[in-house]
Number of protein chains: 2
Amino acid sequence: MSVPLPNPLLVRYRLTLADGESGEARALRLACEQTSELTPDLVPDSAQSYLGRVVAVESAEPDLSGRRAALATISLPAEAAGTDLAQLLVLLYGNASLQPGVRVESVVWPAQVLAQFAGPSFGIDGLRELAGVPERRALLCGAAKPLGLSSPQLARRVAALALGGADLIKDDHGISDPPCAPFAERVAVCQEAVARANRATGGSALYLPTLSGLPSDLTWRIERLREVGCRAALVAPLALGLETVREIAASSGLALMAHPALSGAFFAPDHGISPAVLLGDLFRLAGCDAVIYPHEGGRFPFPAAWSTALAEHLRAPLGGPLPAFPVPAGGIAAARVPELVGSLGPDTIFLIGSALYGEPDLERATARVASVIRENGR
Amino acid sequence: MSVPLPNPLLVRYRLTLADGESGEARALRLACEQTSELTPDLVPDSAQSYLGRVVAVESAEPDLSGRRAALATISLPAEAAGTDLAQLLVLLYGNASLQPGVRVESVVWPAQVLAQFAGPSFGIDGLRELAGVPERRALLCGAAKPLGLSSPQLARRVAALALGGADLIKDDHGISDPPCAPFAERVAVCQEAVARANRATGGSALYLPTLSGLPSDLTWRIERLREVGCRAALVAPLALGLETVREIAASSGLALMAHPALSGAFFAPDHGISPAVLLGDLFRLAGCDAVIYPHEGGRFPFPAAWSTALAEHLRAPLGGPLPAFPVPAGGIAAARVPELVGSLGPDTIFLIGSALYGEPDLERATARVASVIRENGR
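Scoring rules and cut-offs
- Residues numbered from 1 in each chain as written.
- Chains lettered and ligands numbered in written order.
- Predicted model: local features only at pLDDT ≥ 70, side-chain atom pairs only at ≥ 80, totals over all residues.
- Heavy atoms only, no water.
- Buried < 20%, exposed > 50% of the residue type's maximum accessible area, 1.4 Å probe, protein only.
- Helix = DSSP H or I, 4+ residues; strand = E, 2+ residues; numbered from the N terminus.
- Pairing = 2+ DSSP bridges.
- Axes fitted to C-alpha atoms, helices over the stretch in contact; angles between N-to-C directions.
- Parallel < 35°, antiparallel > 145°, perpendicular 65-115°, else oblique.
- Contact = heavy atoms within 4.5 Å.
- Nonpolar A, V, L, I, M, F, W, Y, C, P; charged D, E, K, R; others polar.
- Buried area = accessible area lost by both parts, 1.4 Å probe.
- Salt bridge = Lys/Arg side-chain N within 4 Å of Asp/Glu carboxyl O.
- Polar contact = N/O pair within 3.5 Å; in protein donor to acceptor, adjacent residues only side chain to side chain.
- Phe/Tyr/Trp six-rings, centres within 6.5 Å; stacked < 30°, edge-to-face > 60°.
- Lys NZ or Arg CZ within 6 Å of the ring centre and 35° of its normal.
- pLDDT = per-residue confidence, 0-100.
- Core = buried A, V, L, I, M, F, W, Y, C linked by side-chain atoms within 4.5 Å.

Asks: Got a minute to help me understand helix α4 (residues 123-130) of chain B in this structure?
Replies: Owing to its 3.6 residues per turn, the α-helix aligns residues three or four sequence positions apart on the same side. Within α4(B), 6 of the 8 residues are buried, leaving the element largely enclosed by the surrounding structure. G123(B), I124(B), G126(B), L127(B), R128(B) and L130(B) are the residues of α4(B) that are buried.

Asks: Before we go on, may I ask you to explain the sheet that holds strand β14 (residues 349-351) of chain B in this structure?
Replies: Strand-to-strand pairing in sheets goes through backbone hydrogen bonds, with the strands running parallel or antiparallel. Residues and elements named next belong to chain B. Spatial ordering of the open sheet is given by β7-β6-β5-β14, a layout of 4 strands whose pairing is parallel. Of all strands in the sheet, those with a lone pairing partner are β7 (206-208) and β14, marking the two edges. Taken pair by pair, the neighbouring strands of this sheet meet at an average axis angle of 25°, ignoring direction. Where strand β5 (residues 139-144) lies against strand β6 (residues 168-171), 4 bridges are found, and the strand directions are parallel.

Asks: Quick question: what am I supposed to make of the packing of helix α2 (residues 85-93) of chain A against helix α9 (residues 242-251) of chain A here?
Replies: To describe two helices that pack against each other, one gives the angle between their axes and the distance between the axes. Residues and elements named next belong to chain A. At their nearest, the axes of α2 and α9 sit 7 Å apart, and the two run at 150° to each other. Here α2 lies roughly antiparallel to α9, going by the angle between them. Two secondary-structure elements touch here, α2 through L85, A86 and L89 and α9 through L242, E243 and R246. Residue classes in the contact of α2 with α9 are distributed as 4 nonpolar, no polar and 2 charged.

Asks: Even after reading the chapter, I still don't get the interface of chain B and chain A, so can you show me in this structure?
Replies: The parts lose accessible area when they come together, and the size of an interface is often stated as this lost area. Each partner contributes residues to the interface: chain B has 70 residues there, and chain A has 70 residues. A combined buried area of about 6000 Å² lies between chain B and chain A, and 61% of that area is made up of carbon and sulfur atoms. Contact with chain A buries area across many residues of chain B, yet L98(B), L147(B) and L262(B) alone supply 11% of it, more than any other trio. Here chain B and chain A share 4 salt bridges between them. R299(B) is the partner of E33(A) in a salt bridge, and the nearest nitrogen-oxygen pair spans 2.6 Å. Seen at the junction of chain B and chain A, the total is 24 residue pairs in polar contact (both at pLDDT 80 or more). If you list the elements that add at least two residues to the side of chain B that touches chain A, you get α1 (23-33), α2 (85-93), α5 (151-164), α7 (215-228), α8 (237-240), α9 (242-251) and α13 (354-357) of chain B. Considering only residue class, the side of chain B that touches chain A consists of 34 nonpolar, 24 polar and 12 charged.

Asks: How do you make sense of unusual backbone geometry when you look at a structure like this?
Replies: Leave glycine aside and you will find that most residues have negative phi; peptide bonds, for their part, are mostly trans. A cis amide bond links K145(A) to the next residue, P146(A), at an omega of -5°. Within the fold, P146(A) resides in the loop between β5 (139-144) and α5 (151-164). You will see that N7(B), though not glycine, has its phi angle at about 60°, which is positive. Its place among the elements puts N7(B) in the segment before β1 (9-16). In this structure N7(B) comes out as partly exposed when scored by relative accessible area, which is 25%. A positive phi is found at L262(B), a non-glycine position, where the angle reads about 75°. Mapped onto the elements of the fold, L262(B) is located in the loop between β9 (255-258) and β10 (267-268).

Asks: Where do I start with the packing of aromatic side chains in this structure?
Replies: Geometrically, a pair of aromatic rings is defined through the distance of the ring centres and the angle of the planes. Residues and elements named next belong to chain A. Under the definition given, this model contains 13 aromatic pairs over all chains. Between F302 and W306, the ring centres sit 5.2 Å apart and the planes meet at 85°, which makes this aromatic pair edge-to-face. One cation-aromatic arrangement involves R221 over F183; the distance from NZ or CZ to the ring centre is 5.4 Å.

Asks: Before we go on, may I ask you to explain the pattern of salt bridges in this structure?
Replies: Opposite charge on two side chains permits pairing when their charged atoms draw close. On inspection of all chains with the given rule, the structure shows 50 salt bridges over all chains. A salt bridge links E339(B) to R336(B); the shortest N-O distance between them is 3.4 Å. For E339(B), a relative accessible area of 49% corresponds to the partly exposed category. Taken together, the salt bridges that share partners define one network made up of E135(A), R137(A), D167(A) and R374(A).

Asks: Would you mind going over the confidence of the model for chain A with me for this structure?
Replies: For residues with low pLDDT, the predicted coordinates do not support detailed interpretation. Per-chain confidence: chain A averages 95 in pLDDT, with 99% of residues scoring 70 or above. The complex prediction reports pTM at 0.98, with the ipTM value standing at 0.97.

Asks: What's the story with the side chain of S176(B) in this structure? I'm lost.
Replies: Positionally, S176(B) belongs in the loop between β6 and α6 (183-201). For S176(B), the side chain forms a polar contact with the side chain of S212(B), separated by 3.2 Å. Aside from chain neighbours lying at most four places away, what touches S176(B) is D84(A), Q87(A), F183(B), R186(B), T210(B), S212(B) and R221(B).

Asks: It is not clear to me how the pairing of strand β1 (residues 9-16) of chain A should be interpreted in this structure. Could you clarify?
Replies: Regular strands have side chains that alternate between both faces of the sheet. Residue and element names in this part refer to chain A. Within β1, 6 of the 8 residues are buried, which leaves the element mostly enclosed by the surrounding structure. Bridge analysis of β1 against strand β4 (residues 102-108) gives 6 bridges, and the strand direction is antiparallel. Looking at β4, one finds that R14 is bridged to R103.

Asks: Explain the nonpolar core here, please?
Replies: Among soluble globular proteins, nonpolar side chains are generally buried collectively. Ranked by size, the top nonpolar core spans 238 residues in total, and within it L9(A) and L9(B) carry the most contacts. Apart from residues no more than four positions distant in its own chain, L9(B) is found in contact with I74(B), S75(B), L76(B), A78(B), L88(B), L91(B), L92(B), V107(B), V108(B), W109(B), P110(B) and V113(B).

Asks: I keep staring at the environment of L88(A) and nothing clicks. Help me out?
Replies: As for its position among the elements, L88(A) is in helix α2. Taking the C-alpha atoms as reference points, L88(A) and P77(A), separated by 11 residues in sequence, lie 9.7 Å from one another.

Below you can see the structure in the form of structure tokens.
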């Protein structure tokens, strides 16, 4: 028999089983679907090395409605995707997504595969430096919102957040190039606002505009960010595509914060990709220096175990690729910050968006949260 | 009160309700989440026109486990996304994906919004012409597979499919640039194989290589396709990003067939986006001339009603954007073709992949299915 390729991905899938279906048979079907798209008997000898292989199958806890499930470890030929991270995602879950009840639980990344992806250009230390916070404390990120304001109106909010002590200020991800605040104009006035605030405070707050559009639009928009002095941007990797984000990370000189838009489609308990793999591993490999996710207890139902695993995956040593900041978000109440700073540790960016807008004075509300983070976030 | 923007998207969402939750309250929360990310009282007057609005809420059938649900029609400001189709997808479902039980059932597209998207460059008639099938009959698409074969091995299979009478021959979507069949080499030898077969048959079979990679890779790969004479390609819009696909469609001169890789993450009955909207409307607006989907009765559990609606959305008049071919696939048995030709009609491309490889002679198996389609597919 043929020998599998070196450096395979070992992927652990949770498979929900139909009545009478064996975990082994189901795992084999998945392994073929993700590689040959033929049953093994129809795969010529010369192509057998690229065939997915079932390494192990265990039975798993049944789901809430009592359906049986299996945990299958499948070996997939990483060579098939080469250095193409979007193809790697397709190798993990492309057609699998169309089978019933398949979830990517975890992936073992061989060093040789990781070596193909540069990962974050700045990482935790680099982004700290860019934001002027070299000391090891948690950071505060504010949000310029809402969609519908003009560029000068947004700039005033950016200024208030920076004067109040936010370390980073991002656009809402829905504010890309709306007629009320067109990209080219908005990034100039918001960057000018943050620069003016920085001169007043002596700080280095970073403004991160939402970056999206056609590849040719991205080219001029990145050039525009360079012109106005922006050093970082917000991207939505599942909207832009992982390879587009990877190229921006590698060539733009911008630090990137990832937004989880659309990712919730992948987070069913029995179908999809675990947040640790999708937002943790893959967004980091795509070159994101910080990754936003909804934190437990906010307005999205995101289990605490997911946040913990995701934050670990972003920060853990991974050979070449630098660690990235976890950015808990999604309606964190300012009052919870002290507790969260304690549990999440200093290598965290707290994204406090809407909570600051509930108070009468945005700058003062920001200052209060910023001082909590400065005092407790070590 | 402020006036909403003209030309809003009217989006019908199915919302699974928690115990005691009202459909109205839930719909309002969603409308805010997708636009202001603030509660309405915190949205300044000048931004109210961009706020999502609840137009109507009806109660829906409970789901299989008896949970209550509502059907909410929400008006969203299409202006926010402008001509950016990926941002439009984010406007429809970005943060919504992270709420529990939200499904986009349908979208009413205003003509002014549609006018911003060129859609398919070839459409059904143009792709027919490219494939040398101007007469109104169904088309046959074969697949060059499996992953793991060398370029010359794949080219021999491409030749057999073309000699047998396939109108189109696509790469498996997992075959992009693997070391066993690198892109630059593969597309040359496979295109040469199809050209030689076309000279023998007098036909115009089209070869569609898988196109993926970094934006800068796409540039040279598209150039390479031009060099070797390829006129069409296979893309996976959810891996590449909708805007990347749109730019390829608008500027490459290639006809595009879309692969549904990853789309199954969106197809839970109570969470995600209906296939008619995602694969039908959005892939068509991104410029895909043909869209592959798993047909009912194959190896993926795809309800017949989804296929029917999807095919309708691809073909229906839509003002500017040309109609696109539905491409039923996913393990269609050759024996089912006569029945399917009858129900799906002549503006259909049948993708018969693995079924042809189960027979000893690929060319002869192709010829048999091709003659069925030629005889019955009108």
